[in-house]
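What follows is the residue order along each chain.
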Amino acid sequence: MMRSATLYDVLVRLAPEPMAEPGRAVAVAMVHGPRAGLTEADALADRPRAATGWKRSAPTG
């Protein structure tokens, strides 16, 4: 799982696509636990929705 988070780090840097950062937040949650993943998701929530292409409510229900 740690490798997934690392690969998402590379993807976000090299090809920042709208779903790469939310995918990274999920990978972080899988490696470091839900709280870490939600912290990443909260950081994305501060950006315009068009920049990330997702809603904050998606990971929290």
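Note that the structure is predicted; figures quoted are calculated from it, not measured.

Participant: For this particular structure, what's the right way to read the overall build of the protein chain?
Facilitator: Scanning the protein chain from terminus to terminus reveals five helices and zero strands. Along the protein chain, helices and strands appear, N-terminal first, in the series α-α-α-α-α. Burial analysis of the protein chain (61 residues in total) assigns 25% to the buried set. Excluding contacts between residues fewer than 6 apart, the proportion of contacts in the protein chain whose partners are at least 24 apart in sequence is 30%.

Participant: Help me out: how do you make sense of helix H3 (residues 34-45) in this one?
Facilitator: Residues separated by three or four positions in an α-helix point in the same direction, a consequence of the helix having 3.6 residues per turn. Between its terminal C-alpha atoms H3 stretches 16 Å, which fits the 16 Å expected from twelve residues at 1.5 Å a residue. Listing the buried residues of H3 in full gives Gly37, Ala41 and Leu44. Buried residues of H3, seen end-on, are gathered within an arc of 50 degrees and therefore sit on one face of the element.

Participant: I tried to follow the pattern of salt bridges on my own but got confused; where do I start?
Facilitator: Between side chains of opposite charge, a pair can form when the charged atoms approach closely. Enumeration according to the criterion identifies two salt bridges in this entry. With a closest N to O distance of 2.3 Å, Arg24 and Asp9 form a salt bridge. Here Arg24, found in helix H2 (residues 20-32), pairs with Asp9, found in helix H1 (residues 2-14); they are 15 residues apart in sequence, far enough to count as distant. One network of salt bridges, in which partners are shared, links Asp9, Arg24 and Glu40.

Participant: Please explain the environment of Leu11 as it appears in this structure.
Facilitator: Along the chain, the position of Leu11 falls in helix H1. Given a relative accessible area of 34%, Leu11 falls into the partly exposed group. For the pair Leu11 and Arg24, spaced 13 residues apart in sequence, the C-alpha separation works out to 9.0 Å. Discounting chain neighbours no more than four positions away, the residues touching Leu11 are Pro16 and Ala20.

Participant: What am I meant to see in the packing of H2 against H3 here?
Facilitator: To characterise two packed helices, one gives the angle between the axes of the helices and the distance between these axes. Across the interface, H2 lies against H3 with an axial gap of 6 Å and an inter-helix angle of 160 degrees. One element, H2, and the other, H3, form an angle in the roughly antiparallel class. As for the relative orientation of H2 and H3, their crossing is right-handed in sense. Contacts between H2 and H3 pair Glu21, Pro22, Arg24, Ala25, Val28, Ala29 and His32 from the former with Pro34, Ala36, Gly37, Glu40, Ala41 and Leu44 from the latter. Considered class by class, the residues forming the contact of H2 with H3 number eight nonpolar, two polar and three charged.

Cut-offs used in this document
Throughout, residues of each chain are indexed from 1 in the direction in which the sequence is written. In view of the model being predicted, local features appear only for residues whose pLDDT reaches at least 70, and side-chain atom pairs are presented and counted only at 80 or more, with totals across whole chains, interfaces and linings using the full set of residues. Heavy atoms from the whole structure form the basis of all side-chain values; hydrogens and water molecules are not counted. Comment: elements are numbered from the N terminus, with helices defined as DSSP H or I runs of at least four residues and strands as E runs of at least two. Buried, partly exposed and exposed residues are distinguished by accessible area as a fraction of the type maximum, computed with a 1.4 Å probe on protein chains only: under 20%, between the cut-offs, and over 50%, respectively. Residue contacts follow a heavy-atom distance rule, with two residues in contact if any of their heavy atoms lie within 4.5 Å. By this rule the span expected of a helix is its residue count minus one, scaled by 1.5 Å. Of all possible arcs, the one meant is that of the directions from the helix axis to the C-beta atoms. The rule for a salt bridge is simple: a side-chain nitrogen of Lys or Arg has to be within 4 Å of a carboxyl oxygen of Asp or Glu. Comment: axis = line fitted to C-alpha atoms, over the contacting stretch for helices; angle = value between 0 and 180 degrees taken between N-to-C directions. Note that the term roughly parallel is reserved for angles under 35 degrees, roughly antiparallel for angles over 145, roughly perpendicular for angles of 65 to 115, and oblique for everything else. Crossings are sorted by hand: turned counterclockwise from the far helix by less than a right angle, the near helix makes the crossing left-handed, and turned clockwise it makes it right-handed. Each residue is assigned to one of three groups, with Ala, Val, Leu, Ile, Met, Phe, Trp, Tyr, Cys and Pro labelled nonpolar, Asp, Glu, Lys and Arg labelled charged, and all others, Gly among them, labelled polar.

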